[in-house]
Amino acid sequence: MPPKKAATAAKAKTTAPKKPAPAKKAPTPKRQLQRKRPRRRPQRRRLAKNAPGRSRLAARMVEDAPVPQAKASKEATPDKDTVDLFGKFDIYHKDLPCLDSGYDKGSPDFEKLLELMKKFQAEPDFTARAAIPKSYGSDGAFEIKAFEDPMSGEQYEISLEGIQLIGKDEPTIKGRLSVDGGCGVSSSSGTLSLHRCWTKPTSRGGFDEIFECTININVSYSGLYRRKGHGSGLRLNMKCWAIRAQKLFGEEIGLTLN
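Quick caveat: nothing in here was measured; it's all calculated off a predicted structure.

J.: Would you take a moment to explain the nonpolar core for this structure?
T.: Side chains of nonpolar character tend, in soluble globular proteins, to be buried together. Core analysis: the biggest nonpolar cluster contains 31 residues, and Ile91, Phe142, Ile144, Phe147, Ile215 and Ile217 have the highest contact counts within it. The dominant element in this core, judged by the number of residues it contributes, is strand 9 (residues 207-221), at six residues. Residues contacting Phe147, with those up to four places away along its chain left out, are Glu154, Gln155, Tyr156, Ile158, Val179, Ile217, Val219, Leu234 and Leu236. One finds Tyr92, Leu99, Phe110 and Phe126 within the second-largest nonpolar core, a separate group that totals 12 residues.

J.: Can you walk me through the environment of Ala128 in this structure?
T.: Within the secondary structure, Ala128 is located in strand 4 (residues 128-132). Judged by its relative accessible area of 0%, Ala128 is buried. For the pair Ala128 and Ile215, spaced 87 residues apart in sequence, the C-alpha separation works out to 9.7 Å. Ignoring sequence-local partners within four residues, the contact set of Ala128 consists of Phe89, Asp90, Ile91, Phe142, Glu143, Ile144 and Ile215.

J.: I would appreciate a short explanation of the environment of Met151 in the present structure.
T.: Examined against the element boundaries, Met151 turns out to sit in the loop between strand 5 (140-144) and strand 6 (157-166). For Met151, a relative accessible area of 43% corresponds to the partly exposed category. For Met151 and His230, which are 79 residues apart along the polypeptide, the C-alpha to C-alpha distance reads 8.5 Å. Not counting the four nearest positions on each side in its chain, Met151 is found in contact with Tyr225, Lys228 and His230.

J.: It is not clear to me how the side chain of Lys94 should be interpreted in this structure. Could you clarify?
T.: Looking at the secondary structure, you find Lys94 in the loop between strand 1 (87-93) and strand 2 (103-104). Residue Lys94 is classed as buried on the basis of its relative accessible area, which comes to 17%. At 2.4 Å, the side chain of Lys94 and the side chain of Glu212 are in polar contact. Leaving out residues up to four positions away in the same chain, Lys94 has contacts with Tyr103, Glu212, Lys239, Cys240 and Trp241.

J.: Looking at this structure, how should I read a nonpolar patch on the surface?
T.: A surface patch of nonpolar side chains, amounting to about 370 Å² of accessible area, comprises Leu248, Phe249 and Ile253. Structurally, Phe249 can be placed in the loop between strand 11 (247-248) and strand 12 (251-252).

J.: How do you make sense of unusual backbone geometry when you look at a structure like this?
T.: Only a minority of non-glycine residues have a phi that is not negative, and only a minority of peptide bonds are not trans. Cis geometry is adopted by the peptide bond preceding Pro124, which originates at Glu123 and carries an omega value of -5 degrees. Tracing the backbone through its elements, the reader meets Pro124 in the loop between helix 5 (110-121) and strand 4. The backbone of Phe249 sits at a positive phi, close to 55 degrees, despite the residue not being glycine.

About the thresholds
- Residues numbered from 1 in each chain as written.
- Predicted model: local features only at pLDDT ≥ 70, side-chain atom pairs only at ≥ 80, totals over all residues.
- Heavy atoms only, no water.
- Core = buried A, V, L, I, M, F, W, Y, C linked by side-chain atoms within 4.5 Å.
- Buried < 20%, exposed > 50% of the residue type's maximum accessible area, 1.4 Å probe, protein only.
- Helix = DSSP H or I, 4+ residues; strand = E, 2+ residues; numbered from the N terminus.
- Contact = heavy atoms within 4.5 Å.
- Polar contact = N/O pair within 3.5 Å; in protein donor to acceptor, adjacent residues only side chain to side chain.
- Patch = residues over 30% accessible without salt bridge, like charges linked within 9 Å, V, L, I, M, F, W, Y side chains within 5 Å.
- Areas by Shrake-Rupley, 256 points an atom, 1.4 Å probe, with all protein chains shown as cover.
- Salt bridge = Lys/Arg side-chain N within 4 Å of Asp/Glu carboxyl O.

Written as structure tokens, this is what we have:
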């Protein structure tokens, strides 16, 4: 009997169900076998240097492209090719003692000079005034406050003619000056030149400007004035600063163009 038990045990061992084989993984498609490309990181934006009115975080949003910065620099200073030299100007002699505080060790402090000239402009007070038309080649208007006839004491009438715009690097207005002195003046000649030498943007979106001006006038007196002891004539050479005339209701105040 014991041998039969061994046989049944052996039979049970041989007939026991086999464990199922692990399922094979499906082959990976070729597309998945290709190496994945790394994701492209967005280009970092650099910190803009000297970003006015911006925090460091806001400044980081300025792109690398220099276009915005170039545009800002053009707006900060008007282009020399598009500078407007027409309009009305109040002119002040450089040697006026009242302008002495506008110089720092001999060099002009333009902001201080502008402040001083605007104070005299408000009185109003000036050395000379000029009106330049938009159409170059035509006539303007000009006067010098203390330029008077030695006999009558009346202010000379001065003509500004043949206005031209010259120069590329430094656009300059030039015109001819002549004095109408009646019987007291035998002949006269002169020139006026004006160019912009300083500008600064304002909070109103415009520009403060200072111009440099040169005035040369030669006058020959008539025989009558010479006999009266006034000499042969006079010569006037002045180097001046100039600023744009004040405005009233949007219009410049000053000399009227014919």
